[in-house]
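Notes for the structure review
Below, each chain spelled out in residue letters.
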Amino acid sequence: MSIATLPRSLRLGDLEVATPVVLAPMAGVTNAAFRQLCAEQGAGLYVCEMITSRGIVEGDKTSMAMLTFAPNETVRSVQLYGIDPEYVGRAVEILCNEHGVDHVDLNFGCPVPKVTRKGGGAALPWKATLLGEILNAAVGAAKPYGIPVTMKTRKGIDDEHLTYLDAGRIAQDAGCAAIALHGRTAVQHYSGRADWDSIAELKAAVDIPVLGNGDIWEAADAIRMVAETGVDGVVVGRGCLGRPWLFRDLAAAFNGSDVLELPTLGEVAAVMRRHAELLGELLGEERGCIEFRKHIAWYLKGFAAGKDVRSQLGMVSSYAQLDDLLGRLDATEAYPVAELGTPRGRQGTPKRVSVPDGWLDSREVTEPLDAGAEDPTSGG
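Rules behind the numbers
Residues numbered from 1 in each chain as written. Predicted model: local features only at pLDDT ≥ 70, side-chain atom pairs only at ≥ 80, totals over all residues. Heavy atoms only, no water. Phe/Tyr/Trp six-rings, centres within 6.5 Å; stacked < 30°, edge-to-face > 60°. Helix = DSSP H or I, 4+ residues; strand = E, 2+ residues; numbered from the N terminus. Buried < 20%, exposed > 50% of the residue type's maximum accessible area, 1.4 Å probe, protein only. Core = buried A, V, L, I, M, F, W, Y, C linked by side-chain atoms within 4.5 Å. Salt bridge = Lys/Arg side-chain N within 4 Å of Asp/Glu carboxyl O. Contact = heavy atoms within 4.5 Å.

**Overview of the packing of aromatic side chains**
In this structure the tally under the stated criterion is 4 aromatic pairs. Summarising the aromatic geometry, the rings of Tyr 46 and Phe 247 are spaced 5.2 Å apart at their centres and angled 65° between planes, so their arrangement reads as edge-to-face. On the criterion of sequence distance, the pair formed by Tyr 46 in strand E4 (residues 45-46) and Phe 247 in helix H10 (residues 246-254) is long-range, its members being 201 residues apart. Residue Tyr 46 shares its accessibility class with Phe 247, and that shared class is buried. Aromatic side chains Phe 303 and Tyr 335 sit 5.4 Å apart centroid to centroid with 85° between the ring planes, which places their arrangement in the edge-to-face category. Here Phe 303 is found in the loop between helix H12 (285-299) and helix H13 (307-313), whereas its partner Tyr 335 is found in the segment after helix H14 (319-326), with 32 residues between them in sequence. With respect to burial, Phe 303 and Tyr 335 carry one shared label: buried. Ring-pair connections join several aromatic residues into one group, and the members of that group are Trp 245, Phe 303 and Tyr 335.

**So, the nonpolar core**
Membership of the largest hydrophobic core comes to 78 residues, with the highest contact counts inside it found for Leu 106 and Leu 135. Element by element, the count of residues in this core is highest for helix H6 (residues 128-142), at 9 residues. With 27 residues, the next largest nonpolar core counts Leu 37, Val 268, Met 272 and Cys 289 among its residues.

**Regarding the pattern of salt bridges**
Opposite charge on two side chains lets them pair, provided their charged atoms get close. Enumeration over the complete set of coordinates arrives at 20 salt bridges. Note that Asp 166 and Arg 169 form a salt bridge whose closest N and O atoms lie 4.0 Å from each other. Here Asp 166 and its partner Arg 169 are both found in helix H7 (residues 164-174), 3 residues apart, which amounts to about one turn of the helix. Note that Asp 215 and Arg 184 form a salt bridge whose closest N and O atoms lie 2.7 Å from each other. Highlighted residues: Asp 215 in the loop between strand E12 (210-213) and helix H9 (219-229) and Arg 184 in the loop between strand E11 (178-182) and helix H8 (196-205), separated in sequence by 31 residues. Each member of the pair, Asp 215 as well as Arg 184, carries the same accessibility label: buried. Each of Glu 40, Arg 273, Arg 274, Glu 277 and Asp 323 takes part in salt bridges that share partners, so that together they form one network.

**Some thoughts on H10**
Of all 9 residues that make up H10, 9 are buried, and the element is covered over most of its length. By the burial criterion, the buried members of H10 are Leu 246, Phe 247, Arg 248, Asp 249, Leu 250, Ala 251, Ala 252, Ala 253 and Phe 254. Where H10 is buried, its residues meet strand E3 (21-23), helix H1 (32-41), E4, H9 and strand E13 (233-236). A positive backbone phi angle near 80° is found at Gly 256, which sits one or two residues after H10.

Laid out in structure tokens, this is it:
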């Protein structure tokens, strides 16, 4: 695919995203501070952490607190998760009517056992009728507001129980504005390689836009995915952990421009300081610094930063401490090129997927699902 034929933007209903790149929600990571940091680097659609429909409808304090948006988020995008069509529809209505949301994404990709064993997450699309009812409820609730609804899913539960093509057809019939496919089964979790062929197959099977997700570690990976699968855009998750400038590179690549040079450790340290500052504005200085600790290993991955400095950064609780420790790093150290194109974040190994007894015997729901399946553990 030539630069001239690359998609330059992404259209979701009446919403146009300047760059066909979406930040995947990641629990405990993609809060308003991280989304603002990424948006400062480049254009795209930045989706907030996944929120359960039940939490929205019942006014759960934790859920409602997650509906916080950064000043530079001109498009408010929320990923919603639910198992009950009525709750999902009511949640979408609340998001559109009371919170000025511009885009709602529904997640059906979570592989976490405590979710799937109750019929939720990546297990739910196996119940085709229920999936359609949920999507119809969401699209119906959003329609009066002109808000596009999309969905994200995996290939299926395992290789013997694939659902992605059915999900694409159901999403299209329900009026979804797009479908995103993570090219792994629930059994794979985050291990192995993403199957881009399945993404291409889904793209050929539906008329609505398709977004590809899985193994996009560099801007070049995104361009290659588009070229190989024909997708309308990409979804980026673990590849941006400790590397928010990936969105700068992605914006440049889709615009046909040269990707800028890799940052030195000093430039990385400046981004780290900005990240901590944004977390402080959101949570307060001490709590923000504590929250920032989880990002340190990602930012410093591959650098020769000393063990003592790394250890102390893992205990930082103030800007003064952070500034002192970042000042001890060798600002001139070059970016570790050996880290380019390699997996980041959790990977793990394939794991058997727990589902309710008799779940795989039929594509229809035979009894009500356990509300405990609504758990905001992972975006999938």
